[in-house]
Amino acid sequence: MRLVLSDAKVLKSIVDTLSNLIDEAKLVVSPEGISLRAMDPGHVALADLNMSKVAFEEYHVESNLELGIDFDRLNTILKRAGSSDKIELSLSEDASALIITIRNSAMRRFDLPLIDVSEEELRIPQLDFLAEVEVDPKILSEGIKDAEIVSDHVTLKCDSENLYISASGDLGNVEVKVSKERALNFEVSEPCKSMFSIEYLKDMLKAVDAASTIRLHLGTDIPMRLDFLAEGVKLDFLLAPRIEG
Amino acid sequence: MKVKSKVNPTKDELIELVSEGLRNEAILTIFALCKVSYDGRAKSELGPGDRVIMIKPDGSFLIHQKNKREPVNWQPPGSIASFEVKDENIILKSVRKKPREILEVELINVYLASYFSAEDYEELALTGSEKEMADLIFENPELIEEGFKPLSKEKPIKHGIVDVLGKDKEGNIVVLELKRRRADLHAVSQLKRYVDALKEEYGKVRGILVAPSLTEGARKLLEKEGLEFRKLKPPKRGKIKRGKQKTLDIF
């Protein structure tokens, strides 16, 4: 197996995001690309990653592999790479470790022992979303940061004209309004709203650097889906809502 | 019993002491040569060694080695402690549901086992939600019962401070002990002491424990002592709608 990324930026941001939600997961490597699906221990968030071989400068995979990865440690290693460094991923001869080679002025090799990840049956809920909005990721991440100054949870609401990000707390209220004209895509079949923990959203939004656009799927009192899209990369998150009463 | 201990207990003595300690909602402290295994988000094993194991009535479980301040392994309050007998050894177990974590301590040789029914009355001021519960009762006395008249909050008496003192529709003195969480044996003991102290002065005194729920032990003791229970949840904070975090499993 030999995978080369021309710059570390996308991988760093994806792994940083994932390591906040999950400690360990199985990375599936096939001749077509790499994928991963995992839930946080509390079963509140789900991450679904697909990186096709086109996202890589070089991609050589002979057969399907399943690699048990400790994400905290992978993140610690990748933090040693600069955004524009070249990254190479390969397997040790006895296939017991993932070799991460960072190339900038020197060639730096890090061996990450693979771990046994217990199989967990992941049921992906079937959801009927009422709204699908595609925006510049910065708009959502800044909106969440605005909400964070007053509360630890945020309400996302969609009507036929706008997407609202709002929060209220002891120190006041915040409302961010994004009109459909500012969105790249705006499809709302019915007005809807749901409340979410900012803590999880912030973790997911760390992937903002990796994405060129994000697609938000929303309903009323159902989980939200957040799709991060970049060249050859699709990172989807599901986040369970907070419901009153 | 307030405190009980056995040095070098036999297997049966250990089982009896641990069962009694768990049943009495006491703090269990065991000095033993043991093996530890933890299975949760990661897996870990600790080979045989001398350690101090402490199990608190709220479920907190701590394993201390002979050095360092922090326990080498632990479980937080809310975990469920139990024990099982495997071959010749007792295994202490602490289970947590979310996230799923199981801590097992295999006792190879127990040097000392003890339990301590600790009672702590040093909660003189009503904390956060208990104060809100008191305010709620003053505004809506019928939450306790028809005709209840609350008279004072945080009234100091001989052995502590009564959360709410009032009178029922017959004119009897009523003592309310408020707890914002599930009430245990110690809350019942506390209420009993206040009721006994006031009986000396007033004759007939009713004691009512007011909490969202009771432990089984508390329920039995309340009945035995002729005290009462009223279910009341601490009121939700003001207008701020917090909602409850759901999991993906329910969708």
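This text follows the structure it describes.
All of these numbers come straight from a predicted model, not from anything done at the bench.

Draft legend 1. Examining the overall build of chain A more closely. Along its length, chain A carries four helices and 19 strands. In chain A, which comprises 245 residues, the share counted as buried stands at 53%. Put simply, of all contacts in chain A between residues at least 6 apart along the chain, 65% involve residues at least 24 apart. For chain A, the accessible surface area stands at approximately 11,500 Å², while carbon and sulfur atoms represent 44% of it.

Draft legend 2. Just the pattern of salt bridges, in detail. Residues and elements named next belong to chain A. One pass over the full model with this rule turns up 37 salt bridges over all chains. Between Glu88 and Arg103 there is a salt bridge, with its nearest N and O atoms 2.7 Å apart. Note that Glu88 is positioned in strand 7 (residues 86-91) and Arg103 in strand 8 (residues 97-103), a separation of 15 residues in sequence. Linking Lys202 and Glu148 is a salt bridge whose minimum nitrogen-to-oxygen distance equals 3.1 Å.

Draft legend 3. Summary view of the packing of aromatic side chains. Residue and element names in this part refer to chain A. All told, the structure shown has two aromatic pairs over all chains when counted by the stated rule. When the centroid spacing of 5.2 Å and the interplanar angle of 55 degrees are considered together, the rings of Phe56 and Tyr59 count as tilted. Taken individually, Phe56 and Tyr59 each receive the classification buried, so the pair is uniform in this respect. Ring geometry for Phe228 versus Phe237: centroids 5.7 Å apart, planes at 90 degrees, classification edge-to-face. Each of the two residues, Phe228 as well as Phe237, counts as buried. Positioned above the aromatic ring of Tyr164 is the side chain of Lys157, whose terminal nitrogen or guanidinium carbon lies 5.2 Å from the ring centre.

Draft legend 4. Region of the structure containing the layout of surface pockets. By volume, the largest pocket amounts to about 1,500 Å³. Forming the walls of the largest pocket are 38 residues, and the residues nearest its centre are B:Glu25, B:Pro57, B:Asp58, B:Asp184 and B:Thr215. Per-element tally for the lining of the largest pocket: the top contributor is helix 3 (residues 185-202) of chain B, with four residues. For the lining of the largest pocket, the two domains that each supply at least three residues are domain 1 (3-116) and domain 2 (130-231) of chain B. Of the pockets and cavities examined, the second largest pocket occupies roughly 1,000 Å³. Lining the second largest pocket are 36 residues, and of these A:Glu24, A:Val117, A:Ser118, A:Glu119 and A:Glu120 sit closest to its centre. Those elements giving two or more residues to the lining of the second largest pocket turn out to be strand 2 (24-29), strand 3 (33-39) and strand 4 (45-52) of chain A. Per-element tally for the lining of the second largest pocket: the top contributor is strand 3 of chain A, with five residues.

Draft legend 5. Local environment of the environment of A:Ala131. All names here are of chain A. Its place among the elements puts Ala131 in strand 10 (residues 131-135). It is 9.5 Å that separates the C-alpha atoms of Ala131 and Leu163, two residues lying 32 residues apart in sequence. Look past the residues within four positions of Ala131 in its chain and what remains in contact with it is Cys158, Glu187, Val188, Cys192, Leu216, His217 and Leu218.

Draft legend 6. Molecular detail of the interface of chain B and chain A. Taken together, the contact between chain B and chain A spans 13 residues of the former and 30 residues of the latter. Here chain B packs against chain A, burying approximately 1,900 Å² in sum over the two surfaces, 54% of which is carbon and sulfur. Taken together, the links from chain B to chain A amount to zero salt bridges. Our enumeration of links across chain B and chain A arrives at nine residue pairs in polar contact (both at pLDDT 80 or more). When grouped by side-chain class, the residues that make up the side of chain B that touches chain A number four nonpolar, three polar and six charged. Bridge analysis of strand 19 (residues 242-243) of chain A against strand 14 (residues 244-245) of chain B gives two bridges, and the strand direction is antiparallel. Each bridged residue has a counterpart across the sheet, and for A:Arg242 the counterpart in strand 14 of chain B is B:Gln245.

Draft legend 7. View of the state of the cysteines. A full pass over the atoms with the stated rule returns zero disulfides over all chains. Here A:Cys158 stays unpaired: no disulfide links it, and the sulfur of A:Cys192, its closest cysteine neighbor, is 5.1 Å away.

Draft legend 8. Representation of empty space enclosed by the protein in the model. Residues and elements named next belong to chain A. Evaluation of the coordinates by the stated rule reveals three cavities of 30 Å³ or more. The space that makes up the largest cavity amounts to roughly 130 Å³. Lining the largest cavity we find 14 residues, and of these Leu11, Leu27, Ile34, Leu74 and Leu89 sit closest to its centre. Contributing elements (two or more residues each) for the lining of the largest cavity: helix 1 (9-21) and helix 2 (71-78). Counting residues per element, the lining of the largest cavity draws most heavily on helix 1, at four residues. Classifying every residue of the lining of the largest cavity by side-chain character gives 14 nonpolar, no polar and no charged.

Draft legend 9. Just unusual backbone geometry, in detail. You will see that A:Ala95, though not glycine, has its phi angle at about 60 degrees, which is positive. Owing to a relative accessible area of 42%, A:Ala95 belongs among the partly exposed residues under this scheme. Despite not being glycine, B:Lys68 shows a phi value in the positive range, around 70 degrees. Here B:Lys68 lies in the loop between strand 4 (61-64) and strand 5 (73-75). Taking relative accessible area as the criterion, B:Lys68 reaches 74% and is therefore assigned exposed.

Draft legend 10. Inspection of the nonpolar core at higher detail. In this structure, A:Leu18, A:Met51, A:Ile87, A:Ile100, A:Leu226 and A:Phe228 are the most contacted members of the largest nonpolar core, which totals 83 residues. In this structure, B:Val18, B:Ile53, B:Ile55 and B:Tyr115 belong to the second largest nonpolar core, which totals 22 residues.

Draft legend 11. Fine view of the packing of helix 1 of chain A against helix 2 of chain A. Residues and elements named next belong to chain A. For the pair helix 1 and helix 2, interaxial distance at closest approach is 9 Å and the crossing angle is 145 degrees. The hand of the helix 1/helix 2 crossing is left-handed. Every residue of helix 2 that contacts helix 1 at Leu11, Lys12, Val15, Asp16, Leu18 and Ser19 is listed here: Phe71, Asp72, Leu74, Asn75 and Leu78. Across the contact of helix 1 with helix 2, the residue classes tally to six nonpolar, two polar and three charged.

Draft legend 12. Inspection of the packing of helix 3 of chain B against helix 4 (residues 216-224) of chain B at higher detail. Residues and elements named next belong to chain B. Contact geometry of helix 3 with helix 4 gives a least axis separation of 8 Å together with a crossing angle of 25 degrees. When the axes of helix 3 and helix 4 are compared, the pair comes out roughly parallel. Between helix 3 and helix 4, the contacting residues are Leu185, Val188, Ser189 and Leu191 on the first element and Gly217, Ala218, Leu221 and Leu222 on the second. In the contact of helix 3 with helix 4, the residues fall into six nonpolar, two polar and no charged.

Cut-offs used in this document
- Residues numbered from 1 in each chain as written.
- Chains lettered and ligands numbered in written order.
- Predicted model: local features only at pLDDT ≥ 70, side-chain atom pairs only at ≥ 80, totals over all residues.
- Heavy atoms only, no water.
- Helix = DSSP H or I, 4+ residues; strand = E, 2+ residues; numbered from the N terminus.
- Buried < 20%, exposed > 50% of the residue type's maximum accessible area, 1.4 Å probe, protein only.
- Contact = heavy atoms within 4.5 Å.
- Areas by Shrake-Rupley, 256 points an atom, 1.4 Å probe, with all protein chains shown as cover.
- Salt bridge = Lys/Arg side-chain N within 4 Å of Asp/Glu carboxyl O.
- Phe/Tyr/Trp six-rings, centres within 6.5 Å; stacked < 30°, edge-to-face > 60°.
- Lys NZ or Arg CZ within 6 Å of the ring centre and 35° of its normal.
- 1 Å grid on protein atoms, 1.4 Å probe; cavity = no way out; pocket = protein on both sides within 12 Å on 5 of 7 lines; lining within 4 Å.
- Points joined across faces, edges and corners; volume = space filled by probe spheres on them.
- Domains from an automatic or database assignment.
- Buried area = accessible area lost by both parts, 1.4 Å probe.
- Polar contact = N/O pair within 3.5 Å; in protein donor to acceptor, adjacent residues only side chain to side chain.
- Nonpolar A, V, L, I, M, F, W, Y, C, P; charged D, E, K, R; others polar.
- Pairing = 2+ DSSP bridges.
- Disulfide = S-S within 2.5 Å.
- Core = buried A, V, L, I, M, F, W, Y, C linked by side-chain atoms within 4.5 Å.
- Axes fitted to C-alpha atoms, helices over the stretch in contact; angles between N-to-C directions.
- Left-handed = near helix turned anticlockwise from the far one by under 90°.
- Parallel < 35°, antiparallel > 145°, perpendicular 65-115°, else oblique.

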